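For reference, the chains in residue letters:
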Amino acid sequence: MNVPEDLRYSEEHEWVRVEGTRVRIGITDYAQDALGDIVFVDLPDVGSTVEVGGQLGEVESTKSVSEIYSPLSGTVTAVNDGLEGSPERINQDPYGEGWICELELAPGSDPAGLLDAAAYGELIAG
């Protein structure tokens, strides 16, 4: 499984790329592999606020439907509209074209509290 060193991870298999006070969020290579072929993505609304652990959306695959949980608290500032017509981008490029949304972090929301690549690698190794 691909676990980029420059990202942070949640135990629910979301990744976070920190860009100043904003973060970009998606699901990990491990998660997309476990889901199988993704056929639909329910994206959050721009402007909505989410709390850590709150639902950001859903990913539907040929196997199941899984919720996407927010690894941090903040306000949704952007969503990947390209997933609406091409949800398979998550399978093809989970850390690039398959990103889900961006958040402006809420005060006190700290990505440093998430797993680093080594810790996430241990989690998925079981």
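The structure we're discussing is the one just above.
Thresholds applied
Residues numbered from 1 in each chain as written. Predicted model: local features only at pLDDT ≥ 70, side-chain atom pairs only at ≥ 80, totals over all residues. Heavy atoms only, no water. Pairing = 2+ DSSP bridges. Helix = DSSP H or I, 4+ residues; strand = E, 2+ residues; numbered from the N terminus. Axes fitted to C-alpha atoms, helices over the stretch in contact; angles between N-to-C directions.

(A) Local environment of the sheet that holds strand 2 (residues 14–19). Spatial ordering of the open sheet is given by 1-2-3-9-8-5, a layout of six strands whose pairing is antiparallel. With partners counted over all chains shown, the strands left at the sheet margins are strand 1 (8–9) and strand 5 (49–50), one partner each. Relative to strand 9 (residues 101–105), strand 3 (residues 22–27) is paired through four bridges, and the arrangement is antiparallel. Across the sheet, residue Val23 finds its bridge partner in strand 9, namely Leu103.

(B) The arrangement of the sheet that holds strand 7 (residues 65–69) in detail. Sheet architecture is open: three strands sit in the order 4-6-7, paired in antiparallel fashion. In this open sheet, the two edge strands, each paired with only one partner strand, are strand 4 (38–42) and strand 7. Geometrically, the sheet is characterised by an average inter-axis angle of 25 degrees between neighbouring strands, direction not taken into account. As paired elements, strand 4 and strand 6 (residues 55–61) share four bridges and run antiparallel to each other. Its bridge partner being in strand 6, Val41 is matched across the sheet by Val59.

(C) Examining unusual backbone geometry more closely. The phi dihedral of His13 falls on the positive side, at around 75 degrees, and the residue is not glycine. Within the secondary structure, His13 is located in the loop between strand 1 and strand 2.

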